[in-house]
Amino acid sequence: MNRMIGLMTLWCLTFLVSVPGFAQENAGDAQPDVRRGPGFGQGPRAGRGPEGGQGFGRGRGMRNGQRFGRGANGTEANRAAAEQHGHDDRHDSDHEVFQFLLQNHEAIQRTVKELASGVETLTESDDPKIAEAIQEHVEWMEYRIEETNPIRMRDPLFAEIFRHTDKIKMVHENTGKGVRVTETSDDAYVVKLIQAHAKAVSGFVERGFAEAMKNHPVPERSGDSDVHEMQSFEATTPVIAGVGKVVRLPSAVQQPKVGAKLLVDLTSGAEPGKINPGLERVAKYLNIYAGAGELPTEVQIAVVIHGGATLTVLNSDAYAAKFGTESNPNLELMHQLHEAGVDMYVCGQSLIASGAKPNEVVVFVDTAVSALTAVVNLQSDGFAYVPVSK
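Residues numbered from 1 in each chain as written. Predicted model: local features only at pLDDT ≥ 70, side-chain atom pairs only at ≥ 80, totals over all residues. Heavy atoms only, no water.

A. Representation of unusual backbone geometry in the model. Phi angles above zero are rare outside glycine, and Thr-148 is one such case at about 50 degrees. Its place among the elements puts Thr-148 in the loop between helix H4 (128-147) and helix H5 (156-161). In this structure Thr-148 comes out as buried when scored by relative accessible area, which is 7%. In the Ramachandran plot, Gln-254 falls in the positive-phi region, its phi being about 55 degrees despite a non-glycine side chain. Of note, Gln-254 is situated in the loop between strand E6 (246-247) and strand E7 (260-266). Take Gln-254: its relative accessible area is 75%, and that puts it in the exposed class. (Helix = DSSP H or I, 4+ residues; strand = E, 2+ residues; numbered from the N terminus. Buried < 20%, exposed > 50% of the residue type's maximum accessible area, 1.4 Å probe, protein only.)

Okay, here's the thing in structure tokens:
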């Protein structure tokens, strides 16, 4: 018994001795933002916020230090990060400050003076809390420019600015009510970006959240044909001539992927003598993959035809006899789709139920046992299901 009591006492003493180290370690985890990063200082939560107490604060510490450094390969890492929607250790704090300023935009005064090489701006507020938030925001935006550490990358203008940070010089000076900023460049195109950015920020001050919800256009660069082409939105039909027009969007997200496989489930009919709009939709899909993205992309398309669209596949004689027309107006477009590599299947069950026969189907359309089996088989082969019912 005495031996057991002694062992328990020793264990308790050992635990108590270890508690301070445990508590200190977790205290660091509980307040990661107030640690010192190498060569920077108190973290972003060290100062007073707009509501008093712990808040925005200023300083260059970012938890365990700067995320995108200037060390070996740092510049390349920063530039690569600028191509993405970054979310670093400081992101949430910057977002909080920005939201606070938008909420209080009516209490902010701003003047902009355009220079030959950029802009000089003065942004102030009579409210000390707002003035401090302005200073906080500008200091961190200067840091992000210096380190190519991007933010607000969904906005085309801001994304373009962060692609040219190596050509931007930004200097700020705190005033009693806010901050004066001089932002310049030796590059004529970057000067346009700086001035466009200044106008966008003035829009934030004037209209608050209404302006922040907008995408801000990138100024055109002299001789930049790609920018001009993207902004002109000229419609083209690269595969099926004159049908299924698309516009090229080389910088948009969700670009067409190589090797995509589409299963188009076509059930919509059309008035006798008119082209089925579902076939025009298939032409548009082909054109999207061939000419709407950054690069032309191969795609496999299979069309399963049934329901109201079933008789679209009849040859000219059978179609004319069925509907009292001269011919089948769908055949030319269907032939173009076939020549472009589109596989077309008609539901045999629907065909018979509609009073037609497999031998009346146009030669480049195959008769399947049923739409059900065709859809199931194609999906098992990796085709993505795309319904077209209207």
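B. Examining the packing of aromatic side chains more closely. Taken as a whole, this structure holds 4 aromatic pairs when the rule is applied. Centroid distance Phe-98 to Phe-204: 5.4 Å. Interplanar angle 75 degrees. Geometry classified as edge-to-face. Placement of Phe-98 in helix H3 (residues 91-103) and of Phe-204 in helix H6 (residues 188-207) is noted, with a sequence separation of 106 residues between them. Each residue in the set Phe-98, Phe-158 and Phe-204 is aromatic and connected to the rest through ring pairs, giving one cluster. Residue placement shows Arg-221 over the ring face of Tyr-189; its charged tip is 4.0 Å from the ring centre. (Phe/Tyr/Trp six-rings, centres within 6.5 Å; stacked < 30°, edge-to-face > 60°. Lys NZ or Arg CZ within 6 Å of the ring centre and 35° of its normal.)

C. Inspection of the environment of Gly-324 at higher detail. Structurally, Gly-324 can be placed in the loop between helix H10 (316-323) and helix H11 (331-339). Gly-324 sits 51 residues away from Gly-273 along the chain, and the two C-alpha atoms are 8.8 Å apart.

D. Focus on the packing of helix H9 (residues 277-291) against H11. Close contact between H9 and H11 brings their axes to 10 Å; oriented N to C, the two are set at 30 degrees. The angle between the axes of H9 and H11 places the two elements in the roughly parallel class. Relative to H11, H9 is oriented so that their crossing is left-handed. Across from Leu-279, Glu-280, Val-282, Ala-283 and Leu-286 in H9, the residues of H11 making contact are Leu-333, Met-334 and Leu-337. Considered class by class, the residues forming the contact of H9 with H11 number 7 nonpolar, no polar and 1 charged. (Axes fitted to C-alpha atoms, helices over the stretch in contact; angles between N-to-C directions. Parallel < 35°, antiparallel > 145°, perpendicular 65-115°, else oblique. Left-handed = near helix turned anticlockwise from the far one by under 90°. Contact = heavy atoms within 4.5 Å. Nonpolar A, V, L, I, M, F, W, Y, C, P; charged D, E, K, R; others polar.)

E. Representation of the packing of H3 against H4 in the model. Axis separation between H3 and H4 bottoms out at 10 Å; the angle between their running directions is 140 degrees. Taken together, the axes of H3 and H4 lie oblique to each other. In this structure, H3 crosses over H4, and the sense of that crossing is left-handed. The residues of H4 that touch H3, namely those facing His-91, Asp-94, Val-97, Phe-98, Phe-100 and Leu-101, are Lys-129, Ile-130, Ala-133, Ile-134, Glu-136, His-137, Trp-140, Met-141 and Arg-144. Split into classes, the residues belonging to the contact of H3 with H4 amount to 9 nonpolar, 2 polar and 4 charged.

F. Just the pattern of salt bridges, in detail. Inspection of every chain in the model, using the stated rule, returns 11 salt bridges. One salt bridge connects Asp-94 with Arg-144, and the closest N-O pair in it is separated by 2.8 Å. Of this pair, Asp-94 sits in helix H3 while Arg-144 sits in helix H4, and the two are 50 residues apart along the sequence. Both residues of the pair, Asp-94 and Arg-144, belong to the buried class. (Salt bridge = Lys/Arg side-chain N within 4 Å of Asp/Glu carboxyl O.)

G. Here's a closer look at H3. Over its 13 residues, H3 extends 18 Å from the first C-alpha to the last, a length consistent with the 18 Å expected when each residue adds 1.5 Å. Of the positions making up H3, those classed as buried are His-91, Ser-93, Asp-94, Val-97, Phe-98, Phe-100, Leu-101 and Leu-102. (Expected span 1.5 Å × (residues − 1).)

H. Expanded view of the sheet that holds strand E10 (residues 366-368). With parallel pairing, 5 strands are arranged side by side in an open sheet as E10-E9-E8-E7-E11. Looking at which strands have only one partner, the edges of the open sheet turn out to be E10 and strand E11 (384-388). Each adjacent strand pair in this sheet contributes to an overall mean axis angle of 30 degrees, direction not counted. Sheet topology note: the strand E8 (residues 299-305)/strand E9 (residues 343-347) ladder contains 4 bridges and is parallel. (Pairing = 2+ DSSP bridges.)

I. Structural view of the nonpolar core. Counting residues in each nonpolar core, the largest one holds 37 residues, and the members touching the most others are Leu-101, Ile-134 and Phe-204. Looking at this core, the elements with two or more residues in it are H3, H4, H5, strand E4 (178-184) and H6. Among the elements that take part in this core, H6 stands out by supplying 9 residues, more than any other. Among all residues touching Ile-134, those that are not within four sequence positions of it are Leu-101, Ile-108, Thr-123, Glu-124, Ser-125, Gly-178 and Val-179. (Core = buried A, V, L, I, M, F, W, Y, C linked by side-chain atoms within 4.5 Å.)

J. Spotlight on the pairing of strand E2 (residues 118-124). Extensive coverage of E2 is indicated by the burial of 5 of its 7 residues. Of the pairings in the sheet, the one linking strand E1 (residues 109-115) to E2 comprises 7 bridges and is antiparallel in character. Within E2, the position partnered with Arg-110 by the bridge is Thr-123. Once E1 ends, the chain turns through 2 residues before running back antiparallel as E2. Here E2 pairs with E4 via 7 bridges, running antiparallel. From the neighbouring strand, Glu-124 faces E4, where its bridge partner is Gly-178.

K. A look at the sheet that holds E2. Taken together, 4 strands build an open sheet; the order of strands is E1-E2-E4-E3 and the sheet is antiparallel. Where the open sheet ends on each side, the last strands, each with one partner, are E1 and strand E3 (169-174). For this sheet, the mean angle separating the axes of adjacent strands, direction not counted, is 15 degrees. Here H4 sits on the sheet in contact with E2, E3 and E4, set at roughly 160 degrees to E3.

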